[in-house]
Amino acid sequence: MSEAARKEGREAALAALSALLGARLTTAAAIREAHGRDESWHAVAMPDAVAFAETTEEVAAIMRICAAHGLPVIPFGAGTSLEGHVSAVHGGLSLDLSRMDRIIEVNTADLDVRVEAGVTRKALNDYLRDTGLFFPIDPGANATLGGMAATRASGTNAVRYGTMRENVLALTAVMADGSIIRTGTRARKSSAGYDLTRLLIGSEGTLGIITELTLRLYGIPEAVRSGVVPFASIEGAVDAVIETIQSGLPVARIEILDPLSIRACNAYSKLTLAEVPTLFVEFHGTEASVAEQADRFGAIAAAHGGQQAEWASKPEDRTRLWEARHNAYYAALAFQPGKKGMVTDVCVPISRLAEAISGTLADLETSFLKAPIVGHVGDGNFHMLLLMDPSDPSDLAEATRIHDLMVARALSLGGTCTGEHGIGEGKIKFLEAEHGPGVGVMRAIKHALDPKGILNPGKIFG
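Since we're looking at a predicted model, the values are computed, not measured.

Across all of its chains, the model carries 6 aromatic pairs by this definition. A ring pair is formed by Phe280 and Trp322, whose centres lie 6.0 Å apart and whose planes are at 70°; its orientation type is edge-to-face. In this pair, Phe280 is assigned in strand S14 (residues 278-285) and Trp322 in helix H12 (residues 315-326), connecting sequence segments 42 residues apart. Exposure class is identical for Phe280 and Trp322. Each is buried. When the centroid spacing of 5.1 Å and the interplanar angle of 80° are considered together, the rings of Tyr329 and Tyr330 count as edge-to-face. Using a relative accessible area of 15% as the deciding quantity, one classes Tyr329 as buried. On the basis of relative accessible area, Tyr330 is assigned to the partly exposed category, the value being 34%.

Before going further, it helps to spend a moment on the pairing of strand S18 (residues 381-388). The buried count for S18 comes to 8 of 8 residues, which makes it a mostly enclosed element. By the alternation rule, side chains of S18 split into Asn381, His383, Leu385 and Leu387 and Phe382, Met384, Leu386 and Met388, which are all buried. Pairing between strand S17 (residues 373-376) and S18: 4 bridges, direction antiparallel. Opposite Val374, over in S18, you have His383 as the bridge partner. The turn joining S17 and S18, which pair antiparallel and follow one another in sequence, is formed by 4 residues; a positive phi near 80° is taken by Gly380.

In this model, the second largest pocket occupies a volume close to 820 Å³. As for the second largest pocket, its lining consists of 33 residues, and the residues nearest its centre are Arg152, Ile201, Gly202, Glu204 and His435. When residues of the lining of the second largest pocket are traced back to their parent elements, those giving at least two are helix H7 (164-167), helix H8 (196-200), helix H16 (428-435) and helix H17 (438-449). A class-by-class count of the residues in the lining of the second largest pocket yields 11 nonpolar, 13 polar and 9 charged.

Turning next to a nonpolar patch on the surface. Taken together, the side chains of Tyr194, Leu196 and Leu199 present a nonpolar region at the surface, about 350 Å² in accessible area. As for its position among the elements, Tyr194 is in the loop between strand S9 (180-184) and H8.

On to the environment of Ile350. Position of Ile350 among the secondary structure elements: in the loop between strand S16 (340-347) and helix H14 (353-365). A C-alpha to C-alpha distance of 7.7 Å links Ile350 and Val377, two positions 27 residues apart in sequence. Those residues within four positions of Ile350 in sequence are excluded, and the remaining contacts are Val241, Ile242, Ile245, Val377 and Gly378.

It is worth spelling out the sheet that holds strand S13 (residues 251-257) at this point. Judged by pairing direction, the sheet is antiparallel, and its 7 strands sit side by side in the order S15-S12-S14-S13-S17-S18-S16 without closing on themselves. On the outer flanks of this sheet lie strand S15 (310-312) and S16, each paired with one strand and no other. Shown here is a sheet whose adjacent strand axes are inclined to one another by a mean of 20°, direction ignored. Two strands pair when backbone bridges link them, and S16 and S18 are joined in this way by 8 bridges, in the antiparallel orientation. Looking across to S18, one finds that Gly341 is bridged to Leu387. Lying over the sheet, H14 contacts S17 and S18, oriented at roughly 10° with respect to S18.

As a further point, take helix H3 (residues 56-69). Here H3 spans 20 Å end to end across 14 residues, near enough to the 20 Å set by a 1.5 Å rise per residue. Residues of H3 that are buried include every one of Thr56, Glu58, Val59, Ala60, Ala61, Ile62, Met63, Ile65, Cys66 and Ala67, and no others. Taken from the residues just after H3, Gly70 is the one with a positive phi, measuring 70°.

Cut-offs and rules
- Residues numbered from 1 in each chain as written.
- Predicted model: local features only at pLDDT ≥ 70, side-chain atom pairs only at ≥ 80, totals over all residues.
- Heavy atoms only, no water.
- Phe/Tyr/Trp six-rings, centres within 6.5 Å; stacked < 30°, edge-to-face > 60°.
- Helix = DSSP H or I, 4+ residues; strand = E, 2+ residues; numbered from the N terminus.
- Buried < 20%, exposed > 50% of the residue type's maximum accessible area, 1.4 Å probe, protein only.
- Pairing = 2+ DSSP bridges.
- 1 Å grid on protein atoms, 1.4 Å probe; cavity = no way out; pocket = protein on both sides within 12 Å on 5 of 7 lines; lining within 4 Å.
- Points joined across faces, edges and corners; volume = space filled by probe spheres on them.
- Nonpolar A, V, L, I, M, F, W, Y, C, P; charged D, E, K, R; others polar.
- Patch = residues over 30% accessible without salt bridge, like charges linked within 9 Å, V, L, I, M, F, W, Y side chains within 5 Å.
- Areas by Shrake-Rupley, 256 points an atom, 1.4 Å probe, with all protein chains shown as cover.
- Salt bridge = Lys/Arg side-chain N within 4 Å of Asp/Glu carboxyl O.
- Contact = heavy atoms within 4.5 Å.
- Axes fitted to C-alpha atoms, helices over the stretch in contact; angles between N-to-C directions.
- Expected span 1.5 Å × (residues − 1).

Treat this as a map of the structure, not an account of what it does.
Structural data, given as structure tokens:
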């Protein structure tokens with residue numbers, strides 16, 4: 001298609017969308033810029049317009065118009081993704097679902113809830129508080145649940161409660177041609193046909209636009225105990241995690257922060273933690289069980305060079321502790337003002353975790369860049385945040401070098417190039433190395449469901 005034809009199609013699509021949406025379609029530069037960036041270092045790529053949808057039927061009508069005119073559509077939730085997922089690399093329409101924020105029904109007897117895609121995880125848990133239930137997936141950012149499903153998010157609780165893959169029972173999605181499908185049911189298992197729910201989870205808006213979700217819920221535990229345990233070495237901390245998991249201790253969260261991360265968190269969150277490798281850990285259960293679990297974990301930690309744990313049982317103390325962990329990204333950025341964060345993650349079999357982290361730390365010792373490391377080590381997932389200036393060629397080249405070494409090592413250890421951030425535009429080059437001929441199957445699925453290539457183009461495959 002010629003550039004003139006594309007321009008004509010874009011103008012016709014925007015005219016039809018304006019007639020449908022009125023003031024909820026905007027071409028204001030500031031709003032377009034805000035919708036062309038996420039929390040990553042990737043350059044802003046602005047859409048031609050931003051649409052604010054309010055119902056599934058409206059999303060379907062928008063998609064029919066865009067399909068008719070070949071206009072790209074980029075779903076947008078809260079903009080908290082980390083691999084350039086929401087950038088409009090080919091222009092088009094940013095479809096903002098944040099106004100689709102209804103909590104439709106809570107089924108307390110069956111421990112599930114149906115929500116629209118724009119509901120955030122914090123809003124859901126605030127709503128659920130009086131029911132005695134909660135939704136445990138916690139990636140740190142207050143992301144929308146539709147976005148969390150689209151990127152197959154996980155976070156600090158995944159070691160006990162799993163990821164979005166395990167906690168979405170059913171979906172409503174709008175496909176590239178504007179048709180509406182509903183996948184899955186409220187039943188806890190099924191053998192009926194292809195698992196379209198899992199196909200759409202993690203598809204990053206390239207196969208369909210998620211508009212509703214049915215999610216698993218869990219009972220709020222009677223007691224919660226959180227602790228901080230300093231270690232003499234990274235290897236000792238990781239070995240303590242491995243033994244904890246292998247012993248069957250039902251840990252709810254277990255996170256590692258390297259000394260540089262602790263230094264940044266101390267400054268940003270006004271803490272006074274020792275600047276050494278540190279585990280943040282949490283147990284859920286009864287008062288008796290969490291006390292026993294904390295004692296058992298303390299013994300395991302001590303055997304691997306861990307010092308005396310500092311435990312917090314009061315909600316306000318636990319909240320302060322975990323907020324400091326969740327703010328590690330912003331703490332790192334504040335550590336070197338003016339720098340951006342090339343944040344990346346990998347995941348490896350837990351038995352190879354110490355090797356993966358130690359190798360990355362050795363790479364960093366040869367580098368002029370600073371890069372805090374944090375990790376959801378209970379499931380073998382860790383993150384590195386390379387502090388760099390993307391406009392400085394030497395910074396960018398060095399950050400890319402360290403990043404690529406980290407990913408190559410993870411793949412060589414039987415792991416993945418991303419445990420929870422997704423591919424977006426930032427990790428496209430690693431997909432073939434990880435999946436080989438499987439990428440061809442993925443492309444075939446993409447072409448079958450989106451033959452015009454209008455759903456979030458430039459992501460996953462490029």
